[in-house]
Amino acid sequence: MAHYAAEFAWTWSVADLTTFGSAIGLHLNRLTRNSATFTTDHSNGRTDADAYFTTDGTPELQRISYFTTDITDPTHAASLVGVYTELSDRITRDLGAPTRRESQPHSYLRWDLPNVILILTASDLSIDMDILNPNYRTWPRNLDLDTFRPETEVP
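Counting restarts for each chain: residues are numbered from 1 in the order of the written sequence. For a predicted model such as this one, the threshold for reporting local features is a pLDDT of at least 70, and the threshold for listing and counting side-chain atom pairs is 80 or more; totals across whole chains, interfaces and linings nevertheless cover every residue. With hydrogens and water set aside, each side-chain value is computed from the structure's full complement of heavy atoms.

What to know about the overall build of the protein
Looking only at helices and strands, the protein has three helices and eight strands in total. The order of α-helices and β-strands along the protein, N terminus first, is α-α-β-β-β-β-α-β-β-β-β. The classification of residues rests on relative accessible area computed with a 1.4 Å probe and restricted to protein chains. Under 20% of the type maximum is buried, over 50% is exposed, and intermediate values are partly exposed. Evaluated residue by residue, the protein yields a buried proportion of 43% over its 155 residues. Here, residues are in contact when the closest pair of their heavy atoms is within 4.5 Å. Considering only residue pairs separated by 6 or more positions, the protein has 42% of its internal contacts joining residues 24 or more positions apart. The Shrake-Rupley method, run with a 1.4 Å probe, gives the accessible areas here. Residue values count only the displayed protein chains as cover. Roughly 8,200 Å² of accessible area belongs to the protein as shown, and the carbon and sulfur atoms make up 51% of that amount. In this text, helices come from DSSP runs of H or I with a minimum length of four residues, and strands from runs of E with a minimum of two, each type numbered from the N-terminal end.

See below:
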């Protein structure tokens, strides 16, 4: 998904959801004024993904969040380390070194590309990929991506 997101001809319109989603196996379930939900045909425990877009004026896609893998049994959490390492190595081979890397409290890699920002995060029970519109570098709620911690809950 990361390689395709990097190569995709983003317009950041809501129409990108259908084009990009169908190419990578995301199937639109619900579309509202400011978000969309998908299911995937991928073989991970969480088969859902979400997208968010602006609500003022013409809607513009801001972010797609996707669970690349997860586990339902916390005793298997150590297996995520190997999956995260393999996935991050593969993305780095395809896209080059990440722009930012952190390891505490969760592993976090970010690639700032000309047409998209990709964030890969490993938490205790999942590995998540966020695909961000580079026009929205202050996401969410005006938090600068350089200081944003993806595991932070925003009410």
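Considering helix 2 (residues 15-24)
Here helix 2 has its buried residues at Asp16, Leu17, Phe20, Gly21 and Ile24. Axial view of helix 2: buried residues confined to an arc of 110°, hence all on one face. The exposed set on the far side of helix 2, more than 90 degrees from its buried face, consists of Thr18 and Ser22. Trailing helix 2 by a residue or two, glycine 25 shows a phi angle of about 90°, which is positive. To be clear, the arc concerns the directions from the helix axis to the C-beta atoms.

Regarding unusual backbone geometry
The residue tryptophan 12 is not glycine, and still its phi comes out positive at about 65°. By secondary structure assignment, the location of tryptophan 12 is in the loop between helix 1 (2-7) and helix 2. Classification of tryptophan 12 by relative accessible area gives buried; the value is 6%.

Re the confidence of the model for the protein
Taken residue by residue, the protein gives an average pLDDT of 77. The fraction at 70 or more is 76%. Scored from 0 to 100, pLDDT reflects the predictor's confidence in each residue. Here residues 139-155 is modelled with pLDDT under 50, and outside its nearest four sequence neighbours on either side it reaches 31 contacts, counting other chains as well.

Concerning the packing of aromatic side chains
Ring pairs shown here join Phe, Tyr and Trp side chains whose ring centres sit within 6.5 Å, with only the six-membered ring taken for Trp; geometry is labelled stacked below 30 degrees between planes, edge-to-face above 60, and tilted in between. Counted by the stated rule, this structure contains six aromatic pairs. Measuring from centroid to centroid gives 4.5 Å for phenylalanine 8 and tryptophan 10, while their planes differ by 65°, and the two rings are edge-to-face. Like phenylalanine 8, the residue tryptophan 10 is buried in the burial classification. Ring centres of tryptophan 10 and tryptophan 12 lie 4.4 Å apart, and the angle between their planes is 10°; on these two criteria the pair is classed as stacked. Of the two residues examined, tryptophan 10 and tryptophan 12, each falls in the buried class. Through pairs of rings, three or more aromatic residues link up here, namely Tyr4, Phe8, Trp10, Trp12 and Phe20.

Here's the deal with the environment of aspartate 50
By the element assignment, aspartate 50 lies in strand 3 (residues 48-53). Setting aside residues no more than four positions away along its own chain, aspartate 50 makes contact with Ala36, Thr37, Arg63, Ile64 and Ser65.

Describing the nonpolar core
Nonpolar side chains in soluble globular proteins generally cluster together in the buried interior. Residues Trp10, Leu118 and Ile131 are the most contacted members of the largest nonpolar core, which totals 33 residues. Counting residues per element, this core draws most heavily on helix 3 (residues 79-95), which supplies five residues. Only buried Ala, Val, Leu, Ile, Met, Phe, Trp, Tyr and Cys residues count toward a nonpolar core, and they belong to the same one when joined by side-chain atoms within 4.5 Å.

Some words on the pairing of strand 7 (residues 117-122)
For a regular strand, side-chain orientation follows a simple rule: the groups alternate between the two sheet faces. In terms of burial, strand 7 is a largely internal element, six of the six residues being buried. Strand pairing is assigned whenever DSSP detects at least two bridges linking the two strands. Here strand 6 (residues 107-112) runs beside strand 7; their pairing, made up of six bridges, is antiparallel. Looking at strand 7, one finds that leucine 109 is bridged to leucine 120. Linking strand 6 to strand 7, which pair antiparallel, is a turn of four residues. Here six bridges tie strand 7 to strand 8 (residues 126-132), and the two strands are oriented antiparallel to one another. Each residue of the ladder has a partner; that of threonine 121, found in strand 8, is aspartate 128. Taking the residues between adjacent antiparallel strands as the criterion, strand 7 and strand 8 are bridged by three residues.

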